[in-house]
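Breakdown of the fold
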Amino acid sequence: MELKLFDSERKVMEVLWDHGDLSAKELADRLKELVGWSKTTTYTVLKKCVEKGAVQRQDPGFHCTALISRQQAQA
């Protein structure tokens, strides 16, 4: 299965791969630090990753889990 990730989506995935499961808020905080994104930007890109099946988002707390590995994304 081939999954095309845009640069912005890859940034979200890199944080999840490096830090494991995070809440959407924690993800937004880390991306603000790393690349200066607003929370809105992070949530928009995260939604695209969820729609593509790369990330699973669960309640409570919008807990985010990477569904693909770094190797799968690089293939």
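On a predicted model such as this, the values are computed, not experimentally measured, just so you know.

1. Re the environment of Val15
Tracing the sequence through the fold places Val15 in helix α1 (residues 7-19). Taking the C-alpha atoms as reference, Val15 lies 7.2 Å from Leu27; in sequence the two are 12 residues apart. Look past the residues within four positions of Val15 in its chain and what remains in contact with it is Gly20, Leu22, Leu27, Arg30, Leu31 and Leu34.

2. Examining unusual backbone geometry
In this structure, Pro60 follows Asp59 across a cis peptide bond, with omega equal to -5 degrees. Its location among the elements puts Pro60 in the loop between β2 (55-58) and β3 (63-66).

3. Some details on the packing of α1 against helix α2 (residues 24-35)
Two elements in contact, α1 and α2, have axes whose closest approach is 10 Å; the angle formed by their N-to-C orientations is 110 degrees. Here α1 lies roughly perpendicular to α2, going by the angle between them. Taken as a pair, α1 and α2 cross one another with a handedness that is right-handed. Residue-level inspection shows Lys11, Val12, Val15, Leu16 and His19 of α1 in contact with α2, the latter providing Leu27, Arg30, Leu31, Leu34 and Val35. Tallied by class, the residues present in the contact of α1 with α2 amount to 7 nonpolar, 1 polar and 2 charged.

Cut-offs applied
Each chain has its residues counted from 1, running along the sequence as written. Given that this is a predicted model, residues contribute local features only at a pLDDT of at least 70 and side-chain atom pairs are listed and counted only at 80 or more, while totals for whole chains, interfaces and linings are drawn from all residues. Hydrogens are left out, water is left out, and the side-chain values use all remaining heavy atoms of the structure. For the purposes of this entry, the term helix denotes a DSSP run of H or I that reaches at least four residues, the term strand denotes a run of E that reaches at least two, and both are numbered from the N terminus. Throughout, a contact is declared for two residues whenever any of their heavy atoms are within 4.5 Å. Between N-to-C directions, angles cover 0 to 180 degrees, with each direction set by a line fitted to C-alpha atoms, over the stretch in contact for helices. An angle below 35 degrees is read as roughly parallel, one above 145 as roughly antiparallel, one from 65 to 115 as roughly perpendicular, and any other as oblique. Crossings are assigned a handedness: left-handed for a near helix turned anticlockwise from the far helix by less than a right angle, right-handed for a clockwise turn. Residue classes follow a fixed rule: Ala, Val, Leu, Ile, Met, Phe, Trp, Tyr, Cys and Pro count as nonpolar, while Asp, Glu, Lys and Arg count as charged, and any other residue, Gly among them, counts as polar.

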